[in-house]
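# Coordinate analysis (summary)
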Amino acid sequence: MTLADARARVLRLAVAPIDDVADAALLRRLARAAERFTPLVGLDPPDGLILDVTGCAHLFGGEAALVQTARATMHRAGVSTRACLAATPAAARALVRFSRLGRVAAVDQAAAVAGLPVAALEMEPEVTQALLRAGLRDIGDLANRAPAVLAARFGAEIAEKLDALQGLQDNRITPLRRPPDCLAERHFAEPVGDMACIEAALQRLAGDVGGALERRGVGGRRFLVTLFRADGAVRRLTVETGEPCRDAAVILRLIRLKLGSLADPVDPGFGFDALRLSAGRLEPVTALATRLDAPPLADDSLSALIDRLGARFGREQVLRLCGYDSHDPDRADDSVPAQEAAEPPLMSAAPSGEPPLRPLTLFDPPHPIDALAEVPDGPPLRFRWRRVVHEVARAEGPERIAAEWWRAGPAAPTRDYYRVEDAAGRRFWLFRQGLYGSDPGLPRWFMHGLFA
Amino acid sequence: MNIRHASALPSVAAPDVSLAGIGLTRRALHELHAAGSAEASAALGCALVLLQAFAGGRPMLWVWHEALEREIGRPFLPGLADLGPGTQPPVLVRVRRTGEALQAGLEGARSPAAGAVLISLWGPARELDLTASRRLALATRASGTTVLLLQAGAAAAPSAAETRWQVAPAASRALAAAAPGPPAFHLRLLRHRAGLQQPECCVDWNRDDVSLTLRGRERPPLSGAVVPAARLRAGAAGGDGLLRRAG
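For chain A, the helix and strand inventory stands at 13 helices and 14 strands. Against the compact-globule benchmark of 22 Å for 452 residues, chain A has a radius of gyration of 34 Å, which places it well outside the compact range. Seen along its three principal axes, the alpha-carbon backbone of chain A occupies a region of about 100 × 70 × 55 Å. For chain A, the proportion of its 452 residues judged to be buried stands at 31%. Summarising the internal contacts of chain A: among those between residues at least 6 apart in sequence, 53% fall at separations of at least 24.

Bringing the overall build of chain B into the picture now. Secondary structure summary: chain B contains 5 helices and 12 strands in total. A total of 247 residues make up chain B; the buried ones form 53% of that total. Restricting the contact set of chain B to residue pairs at least 6 apart, pairs at least 24 apart contribute 71%.

Here we take up the nonpolar core. Generally speaking, nonpolar side chains in soluble globular proteins are found buried as a group. Counting 103 residues, the largest nonpolar core has B:Ala43, B:Ala47, B:Val63, B:Val93 and B:Leu150 as the members making the most contacts within it. Top element by residues in this core is helix α1 (residues 37–55) of chain B. It accounts for 13 residues. When residues are assigned to domains, this core turns out to be shared by domain 2 (182–311) and domain 3 (361–450) of chain A, each giving three or more. Residues in contact with B:Ala47, not counting those within four places in the same chain, are B:Leu32, B:Leu118, B:Ser120, B:Leu148 and B:Leu150. In this structure, A:Leu30, A:Ala33, A:Ala34 and A:Ala91 belong to the second largest nonpolar core, which totals 34 residues.

All names here are of chain A. Reading across the sheet, the 4 strands line up as β3-β6-β4-β5 and stay open at both edges, with antiparallel pairing between neighbours. The open sheet has two edge strands, β3 (182–192) and β5 (234–245), and neither has a second partner. On average, adjacent strands in this sheet sit at an angle of 10° to one another, irrespective of strand direction.

Turning next to the interface of chain A and chain B. Many structure descriptions define interface size as the accessible area lost when the parts assemble. Taken together, the contacts link 49 residues of chain A with 47 residues of chain B. Looking at the side of chain A that touches chain B, the elements with two or more residues in it are α12 (302–313), β7 (318–323), β8 (333–337), β9 (361–373), β11 (388–401), β12 (415–422) and β14 (444–450) of chain A. If you tally residues by element for the side of chain A that touches chain B, the top one is α12(A), at 6 residues. Here the residues of the side of chain A that touches chain B sort into 27 nonpolar, 10 polar and 12 charged. As paired strands, β7(A) and strand β6 (residues 91–95) of chain B are joined by 3 bridges and run antiparallel to one another. Its bridge partner being in β6(B), A:Leu319 is matched across the sheet by B:Leu92.

Attention now moves to the packing of helix α4 (residues 98–110) of chain B against helix α5 (residues 130–143) of chain B. All names here are of chain B. The geometry of α4 relative to α5 is characterised by a closest axis approach of 8 Å and an angle of 20° between their N-to-C directions. Looking at the two axes, α4 sits roughly parallel to α5. Seen along the crossing, α4 lies across α5 with a hand that is left-handed. Residues Leu102, Gly105, Leu106, Ala109 and Arg110 of α4 form the contact with α5, whose own contacting residues are Ala132, Arg135, Leu136, Ala139, Thr140 and Ser143. Here the contact of α4 with α5 is built from residues that sort into 6 nonpolar, 3 polar and 2 charged.

All names here are of chain A. Domain assignment breaks chain A into domain 1 (3–166), domain 2 (182–311) and domain 3 (361–450). For domain 1 versus domain 2, the distance between C-alpha centres works out to 38 Å. Residue-level contacts link 9 residues of domain 1 with 9 residues of domain 2. Those elements that provide at least two residues to the side of domain 1 that touches domain 2 are α2 (20–34) and α3 (63–76). Along the lines of polarity and charge, the residues of the side of domain 1 that touches domain 2 split into 4 nonpolar, 1 polar and 4 charged.

Take the pairing of β7(A) next. When β7(A) meets β8(A), the two strands line up antiparallel, connected through 5 bridges. Directly across from A:Gly323, in β8(A), lies its bridge partner A:Asp333.

Residue and element names in this part refer to chain B. The topology assignment puts Val91 in strand β6. Of the residues examined, Val91 has 24 C-beta atoms within 10 Å and is grouped as buried. In the structure, Val91 is positioned 13 residues away from Ala104 in sequence and 12 Å away in space, judged by C-alpha atoms.

To continue, consider the packing of helix α10 (residues 195–216) of chain A against helix α11 (residues 248–260) of chain A. All names here are of chain A. Where α10 meets α11, the axes come as close as 8 Å, and the angle between the chain directions of the two elements is 140°. Between α10 and α11, the interaxial angle falls into the category oblique. Considering the relative orientation of α10 and α11, their crossing is right-handed. In this structure, α10 contributes Glu199, Leu202, Gln203, Ala206, Gly207 and Gly210 to the contact, and α11 contributes Ala248, Ile251, Leu252, Ile255 and Arg256. Grouping the amino acids of the contact of α10 with α11 by side-chain chemistry returns 6 nonpolar, 3 polar and 2 charged.

Turning to unusual backbone geometry, a few remarks are in order. All names here are of chain A. Look at the link from Pro45 to Pro46: it is a cis peptide, with omega at 5°. In this fold, Pro46 is placed in the loop between β1 (41–44) and β2 (48–51). Residue Pro398 follows Gly397 across a cis peptide bond; omega there is -5°. Examined against the element boundaries, Pro398 turns out to sit in strand β11. Residue Glu122 is not a glycine yet carries a positive backbone phi of 55°. Residue position: Glu122 is located in the loop between α5 (109–114) and α6 (125–133). Unlike most non-glycine residues, Arg386 shows phi in positive territory, near 55°. Topologically, Arg386 is positioned in the loop between β10 (380–385) and β11. On the basis of neighbour counts, which here come to 11 C-beta atoms within 10 Å, the residue Arg386 falls in the exposed class.

Here is what the cut-offs are and how they apply
- Residues numbered from 1 in each chain as written.
- Chains lettered and ligands numbered in written order.
- Predicted model: local features only at pLDDT ≥ 70, side-chain atom pairs only at ≥ 80, totals over all residues.
- Helix = DSSP H or I, 4+ residues; strand = E, 2+ residues; numbered from the N terminus.
- Rg over C-alpha atoms; globule rule 2.2 N^0.38 Å.
- Buried ≥ 20, exposed ≤ 12 C-beta atoms within 10 Å, placed from the backbone.
- Contact = placed C-beta atoms within 7 Å.
- Core = buried A, V, L, I, M, F, W, Y, C linked by C-beta atoms within 7 Å.
- Domains from an automatic or database assignment.
- Pairing = 2+ DSSP bridges.
- Axes fitted to C-alpha atoms, helices over the stretch in contact; angles between N-to-C directions.
- Nonpolar A, V, L, I, M, F, W, Y, C, P; charged D, E, K, R; others polar.
- Parallel < 35°, antiparallel > 145°, perpendicular 65-115°, else oblique.
- Left-handed = near helix turned anticlockwise from the far one by under 90°.

Encoded structure:
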């Protein structure tokens, strides 16, 4: 019917245009909320989710209770749903869309599927029409026919779909997220809002995960805490370590540091329903045999300190400087996160007895300054930087550093660097970009760095 | 028979580091002040030399307040390498606020893995009061780490630091053809917990053994044994007879 017709029948009808993007975003959000039931959640666009709950039903008190809880959670998130639990994904999908059954045990699946209309095959409309005209109304009728005959008459696809529906062919779903290598989770009977209780629960989960990793002989380098709120919102926290770790106390300490440092603190809302701790990036760890009377191994290595600082301030804020073999000062060094880098060797530029040739700190980008210097390549006599005029007392240079021609091209300007010291003893690293006479425009002067 | 417990034996103290004739104890908090951005890079150079001396080969932590980048620029590794042969680059922790810098410094001070920690701040730090500095000092004593606090662009606040120095750049001894020589600094001891005094002095950077040599203290080379000048080096106590070192 048309919109005007509908408006005529129902006064105060709420109308909104179709927004596919928002619908897809809502579906993803609901998928995240559904992760509390199982880590394997797949999307079934445009309006469905497929959950692989093999082995999860006992946590919720049985399959029927699981279906009820899932529908209740979605209802709290503001969405009305139909759900069906079956033995294969294709059958579950067809049953939920084309029948009213809530839960189908494996033994009854064949009978239930046989009762589905042929529209459940989701073929082209012409094929469905052709099936109806041929008198085949439901899947049970089709099941009795030889598949070769059906494929010859209606196309090859129909045989595959029939096999999938009947459970002769079992496809796995494609989950949204790769399932974690090792996880421990805790579901609360009632939503918990107190952060102290959450931390106590995290402690037990850390012990469980640590024990599981120890039995496997591995340690994890990345730990993910997922908090499922009662209204469907999901909060994730990640903690990374430099060395593989399976000590529960260390993991918990890093998580506590992370919780304490969040810019947007964790908001319990009406409480958390479930908590999951998963470990990723597993790497083998050699076990150390300690003596019975030895004190416990202290957590005092440099990498543990780096992990704690990384958890508190962010992984990208704890850095190691490493050098590269480039004469361009901007590319001669770089900083990498300390958790990734090993200790690099250090190179020294000036020979012994000479003052430092490179400044302690560098401006990025260099600051333009006004300088007065002898033409063509004398050091500056006086320069003005940050509105202060400096009279140069001592200067050394020029040190010519040309741009890397294989990177910047032949037209990149050459820089002549000077080490200058002013009357007060402050030492600067300046450069003149461009040569008098050869490059167009007057050469320009810049301040690049400061010496001690 | 008198059996002594291991804890009752006197521990062999690690040799202290001396700066301009004053001995600096290892397990303590030391402060360096720079008046403004013009003096900040000089103070940073001094602080890095002291950091290498206190760490003595162990890992170093450098807490970098990002506000310093606007004033003096970002740390440059070849410049750090030019501090002297065999210097190791420290682990750099970048923070946005002074409170975070103090927390990072405290975390480093509490860990026995770090040999020395340098906290470099720009501007007035509200969180740096007597309590915070006392906490840092206690942490250094417990774990054996030394903490250097470099404050630039702020007035000195009361603190529990062992010593407090003011650093300013000084004209260097020129090399041939009026080239700038090795960096030189003016050092002034503002405060010492034991009450020692030291007039303002000038030190030169000695690159070969990563030390700061007092200017005016070097004696001309004698035939025969050479008397070593008072210099900043791990293992040599700064004794020139004028100053009494307490503790």
